[in-house]
Each structure stands twice: as C-alpha cells, then as structure tokens.
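As a plain string of letters, each chain reads:
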Amino acid sequence: QVQLVESGGGLVQAGASLRLSCAASGRTLSNYGMGWFRQAPGSEREAVAVISWSASNLDYADSVKGRFTISRDRAKNMVYLQMDSLKPEDTAVYYCAAQQFGTTVTLLKGLMDTWGKGTLVTVSS
C-alpha cells in the first residue's frame, strides 16, 4: 500500500504562488494516477487537478485552469501542484490521492485508493 504525505501549504496573500508536494512511500507511483483535491470549510471535497497513471493526460477544475499545474516526478516518487495567482477562494485543505491505473475520467470521480492527510492553504485578501 502506498502512503502519501503532503507539504508546502501555508498562509499567503492573494496573487502569490505556492507549490505543494506529495511524497509517496511504500510503493512506486508508476502505476498510479494521481490527484489533488481540496476541501474548504463547509464545502464538499472537490477535485482540483489530476494526472493519469501514464502521465499523458491532465485535467483541472475550471476554477483553477490557467493558474494551477500538476506534475509528477517518477524518479523521486513525487507529485506536485504549482499554484499561481492564488485567490482567497482557493483557501482549503489540499489532499493528495492515488488511484491505481487511474485515468483522468476515473480520477475526477474521486474514488481513490489512498489519501494523504492534507495540507492547509490559506490565502488572505
């Protein structure tokens, strides 16, 4: 079973950038589709960005398209979320999650095999 640990969250002002990292252990991520999800207070968890297990397909929530970029480093067993032009409405706990042989279609459904514990991102206005 793969274990996931997120890092890189924090408090920033609107317009700033942050890069979230997701470190995997226990198993290589090579056969896993990966996703970043977020949950704001009082809201349901939503998919933010996903990357297929082959890394050939990416998809983003409409609210972050053009501002966020998901990437993966197979050699380091890491997944990243670069967040630029942050807005107060991006404030949430961000979770990294893995799905074996996940495609963008299945990843967006959020039926993941493994979840990290999350990292808090707070964007002030």
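Every chain is numbered independently, its residues counted from 1 as its sequence is written. Restriction of local features to residues with pLDDT of at least 70 applies here, the model being predicted, together with a cutoff of 80 or more for giving and counting side-chain atom pairs; totals for whole chains, interfaces and linings are based on all residues. The basis for the side-chain values is all heavy atoms of the structure; hydrogens and waters are excluded.

Draft legend 1. Structural view of the environment of A47. Strands are runs of DSSP state E lasting at least 2 residues, helices are runs of H or I lasting at least 4, and numbering of each runs from the N terminus. Mapped onto the fold, A47 is located in strand β5 (residues 46–51). The spatial distance from the C-alpha of A47 to the C-alpha of L108 is 6.0 Å, given a sequence separation of 61 residues. Ignoring any residue separated from it by four or fewer positions in sequence, one finds A47 in contact with W36, F37, A61 and L108. Only heavy atoms enter the contact rule, under which two residues are in contact if any of them lie within 4.5 Å.

Draft legend 2. Region of interest: empty space enclosed by the protein. Buriedness of a pocket was judged along seven lines, with at least five required to meet protein on both sides within 12 Å; pockets are open sets of points on a 1 Å grid over the protein atoms alone, cavities are sets where a 1.4 Å probe fits but cannot get out, and lining residues have an atom within 4 Å of a point. Grid points are joined across faces, edges and corners, and a volume is the space filled by probe spheres set on the points. Enumeration according to the criterion identifies one cavity of 30 Å³ or more in this entry. By volume, the largest cavity is sized at about 30 Å³. Surrounding the largest cavity, T28, L29, S30, R72, D73, R74, N77, M78 and V79 form its lining. When residues of the lining of the largest cavity are traced back to their parent elements, those giving at least two are β7 (68–73) and β8 (78–83).

Draft legend 3. Molecular detail of the sheet that holds strand β3 (residues 18–25). Strand order in the open sheet formed by four strands is β1-β3-β8-β7, with antiparallel pairing between adjacent strands. Strands with a single pairing partner mark the edges of an open sheet, and in this sheet they are β1 (3–7) and β7. Going across the sheet, the axis of each strand differs from the next one's by a mean of 15°, ignoring polarity. Two strands qualify as a pair provided that DSSP identifies no fewer than 2 bridges between them. Note: β1 against β3, five bridges, orientation antiparallel. Along β3, the bridge assignment pairs V5 with A23. To get an axis, a line is fitted to the C-alpha atoms, and for a helix only the part in contact is used. The angle between two axes follows their N-to-C directions and goes from 0 to 180 degrees.

Draft legend 4. A look at the pairing of β3. Bridge analysis of β3 against β8 gives six bridges, and the strand direction is antiparallel. Bridged to C22 within β8 is V79.

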